[in-house]
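Listed here are the chains, written in short residue letters.
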Amino acid sequence: MSEKRVDRAISRLLNYGLQKGLLAPEDETYAANRLLHVLGVSSFEKQKIEEELSYPAEPLQELCNWAAEQGVIADTQDDRDRFDTELMDCLMPRPSQVTGRFYELYEQDKKSATDYYYGLSKSSNYIRVDRVEKDKLWTAPTPYGDLVITINLSKPEKDPKAIAAAKNAPQTGYPKCALCRENEGFAGSPNQAARANHRLIPLELSGERWFLQYSPYVYYNEHCIVLSEEHRPMQVNRASLERLLEFVTMLPHYFIGSNADLPIVGGSILSHDHFQGGNYEFPMAKAPLRETVTFPGFEDVAAGIVRWPMSVLRLRSADKEKLAELADRILTKWRGYSDESAQILAFTDDTPHNTVTPIARRRGEEFELDLVLRNNRTTEEHPLGLFHPHAEYHHIKKENIGLIEVMGLAILPPRLLKEIEQMEEALSHPEKAPEILSRPEMEKHRDWYEELKAAGVQANNTQQAIRDSIGEIFGKILGNAGVYKDTDKGREAFRRFCRSVL
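Quick look at the structure, then. Here the structure is a predicted model, which means the values were calculated and not measured.

### A look at the overall build of the chain
Counting its regular elements, the chain contains 17 helices and 15 strands. The C-alpha radius of gyration of the chain comes to 25 Å, within 12% of the 23 Å expected for a compact globule of 502 residues. For the chain, the spread of C-alpha atoms along the principal axes amounts to about 75 × 65 × 45 Å. A buried classification covers 54% of the 502 residues belonging to the chain. Counted over contacts in the chain with a minimum sequence separation of 6, partners at least 24 positions apart contribute 65%.

Here it is, written out as structure tokens:
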């Protein structure tokens, strides 16, 4: 790349920063000099730019290409990501400025504050919009309503060179994990993602310091993470229930939930206490009650069992203290509850199995709290988890069912994209099916192919049939994860637990 092309790429990036409000005009020369330092360039001639970019991927890619050609960085995706993050940080306001602007807007209108912060997270390339737009998403009808299916392609797969570098890199333990607040401004390493352009918003929840950020791999609109300042293990208890309700008091247009705090059903980083939320209504939130429940002493708290493939108790009240009290009693009872007729055992020796996935939201002036009952017991037949995707569905999904999927949004592995394309070809051209299904990555789909074929899938609707089938399978996976099955026997067992609470 010639010097003029470098000048143009820098100029495009500066112009982008001005357009998106990352920079004030008074900051432009300072930002240009910071960019020159990171690039190792000694001179710069500003170019006139007349364009409006939605995101900065093009000029960043040009500058990464130049840096790789010059040997400034290794030509790997990890090094490129670290480098373009440093470039974007040259355009970024300081954390105190971001926090100040957030709370200035918050005093006027709470949604304006999150709109600003979400916009900044995208404009700064912390959320890589160009990658997120490649994700595949569709809805699929099931007896429990439409489920949402995603194949997430925005989280890049590790380059073999990066894997080798990470293995040989010194283990500093800083930051302690990917969620720690020390990631704010961190340059990155072979073991930790670059977060130089990352900004956090401090919050106070139940007298503790927590932080708000967005997920860089947004699985849904305004997908946020709320993390404890202290690096400590995930926990679901009375205090965490109160914090969820306090958060939706602060930001009533957001929902917030916690992954469960045990392996298998945790589905997330268990080493750091955190929640996930956002401005999005999941399929589970739309699901109606199957039946109402009354808890003695809490008759003024509306309660019921949700019509959902997993086992969900929904509580609603304008009194968040009373809501937290009832939720805590349910949690406490569930922690020690066993029902062998439903295959539920609270402990194996001293190892606990029962916990909940709690989700809070606002319904006007009322607070709504969903408690999803979870159990992580394993058996000889189901070594990965009795209440986990069963082996017959591992060809679609083998991973844990965490908070997001509990609520009806499937996050499926990137491998499925190519495998679906091959399945479409096999169904559209049956003469090719034997060869396609003999491929290593397709052998696991043989039974699925036969089912689709037997269902009479036609060549002109293979894509829709496959998508609908994946939705149906995801619904069955959620049923696997439900501790009480949606049968007469399962419904009665669920009622028994409700009667045991108080």
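### A short note on unusual backbone geometry
At the junction of Tyr174 and Pro175, the peptide bond is cis and its omega measures out at -20° in the coordinates. In this structure, Pro175 sits in the loop between helix H8 (160-168) and strand E3 (201-205). The phi dihedral of Ser206 falls on the positive side, at around 50°, and the residue is not glycine. Here Ser206 is to be found in the loop between E3 and strand E4 (208-214). On the basis of relative accessible area, Ser206 is assigned to the partly exposed category, the value being 32%. Despite not being glycine, Gln343 shows a phi value in the positive range, around 65°. Tracing the backbone through its elements, the reader meets Gln343 in the loop between helix H11 (320-335) and strand E11 (347-348).

### Brief notes about the pairing of strand E13 (residues 354-363)
Counting buried residues along E13, 9 of its 10 residues qualify, which places the element largely inside the surrounding structure. Bridging between E13 and strand E14 (residues 366-375) involves 10 bridges; their strand directions are antiparallel. Within E14, the position partnered with Arg361 by the bridge is Glu368. Once E13 ends, the chain turns through 2 residues before running back antiparallel as E14, passing Gly364 with a positive phi of about 65°.

### What about the packing of aromatic side chains?
Geometry of an aromatic ring pair is reported as the spacing of the ring centres plus the angle between the planes. Considering all chains together, one arrives at 18 aromatic pairs under this definition. With a centroid separation of 4.9 Å and an interplanar angle of 75°, the aromatic rings of Tyr220 and Phe282 are classed as edge-to-face. Here Tyr220 is found in the loop between E4 and strand E5 (224-228), whereas its partner Phe282 is found in the loop between strand E7 (274-278) and helix H10 (283-286), with 62 residues between them in sequence. Pair check on accessibility: Tyr220 and Phe282 agree, each one buried. Pairwise contacts between aromatic rings join Phe102, Tyr103, Tyr106, Tyr117, Tyr118 and Tyr214 into one cluster. Cation over ring: Arg362 sits above Phe367, and NZ or CZ is 4.4 Å from the ring centre.

### Comments concerning the pattern of salt bridges
A full pass over the atoms with the stated rule returns 46 salt bridges. As a salt-bridge pair, Asp79 and Arg82 come within 2.4 Å of each other at their nearest N and O atoms. Of this pair, Asp79 and Arg82 both sit in helix H4 (residues 77-89), separated by 3 residues, roughly a single helical turn. For the salt bridge of Glu229 with Arg209, the shortest nitrogen-to-oxygen distance reads 3.5 Å. Here Arg209 lies in strand E4 and Glu229 lies in the loop between E5 and helix H9 (238-250), a separation of 20 residues in the sequence.

### Section: the packing of helix H2 (residues 28-39) against H4
Put simply, H2 and H4 touch, their axes get as near as 9 Å, and they point 155° apart. Taken together, the axes of H2 and H4 lie roughly antiparallel to each other. For the pair H2 and H4, the sense of crossing is right-handed. Residues Leu35, Val38 and Leu39 of H2 touch H4, and the partners they reach there are Phe83, Glu86 and Leu87. Taken together, the residues of the contact of H2 with H4 sort by class into 5 nonpolar, no polar and 1 charged.

### Description of the side chain of Lys397
Note on placement: Lys397 falls in the loop between E14 and helix H12 (403-406). Residue class for Lys397 comes out buried when judged on its relative accessible area of 3%. Among the polar contacts listed, one links the side chain of Lys397 to the side chain of Glu399, at a separation of 3.4 Å. Separated by 3.1 Å, the side chains of Lys397 and Glu405 make a polar contact.

### Quick word on the sheet that holds E7
Within the open sheet, the 10 strands sit side by side as E3-E4-E5-E7-E6-E13-E14-E10-E9-E8. Their pairing is antiparallel. Taken across any chain shown, the strands that pair with only one partner, and hence form the sheet edges, are E3 and strand E8 (289-292). Neighbour-to-neighbour, the strand axes of this sheet turn through a mean angle of 25°, independent of strand direction. Sheet strands touched by helix H5 (residues 95-108): E3 and E4. Its angle to E3, the strand with the most contacts, is close to 55°.

### Notes on the sheet that holds strand E1 (residues 136-142)
With mixed pairing, 3 strands are arranged side by side in an open sheet as E1-E2-E15. The strands lining the two open edges of the sheet, one partner per strand, are E1 and strand E15 (409-412). Taking each pair of neighbouring strands and ignoring which way they run, the sheet shows an average axis angle of 25°. Helix-sheet contacts for helix H13 (residues 415-428) involve E1, strand E2 (145-151) and E15, and the interaxial angle to E2 is about 105°. Seen against the sheet, helix H16 (residues 462-481) touches E1, E2 and E15 and runs at an angle of roughly 70° to E1.

About the criteria used
- Residues numbered from 1 in each chain as written.
- Predicted model: local features only at pLDDT ≥ 70, side-chain atom pairs only at ≥ 80, totals over all residues.
- Heavy atoms only, no water.
- Helix = DSSP H or I, 4+ residues; strand = E, 2+ residues; numbered from the N terminus.
- Rg over C-alpha atoms; globule rule 2.2 N^0.38 Å.
- Buried < 20%, exposed > 50% of the residue type's maximum accessible area, 1.4 Å probe, protein only.
- Contact = heavy atoms within 4.5 Å.
- Pairing = 2+ DSSP bridges.
- Phe/Tyr/Trp six-rings, centres within 6.5 Å; stacked < 30°, edge-to-face > 60°.
- Lys NZ or Arg CZ within 6 Å of the ring centre and 35° of its normal.
- Salt bridge = Lys/Arg side-chain N within 4 Å of Asp/Glu carboxyl O.
- Axes fitted to C-alpha atoms, helices over the stretch in contact; angles between N-to-C directions.
- Parallel < 35°, antiparallel > 145°, perpendicular 65-115°, else oblique.
- Left-handed = near helix turned anticlockwise from the far one by under 90°.
- Nonpolar A, V, L, I, M, F, W, Y, C, P; charged D, E, K, R; others polar.
- Polar contact = N/O pair within 3.5 Å; in protein donor to acceptor, adjacent residues only side chain to side chain.

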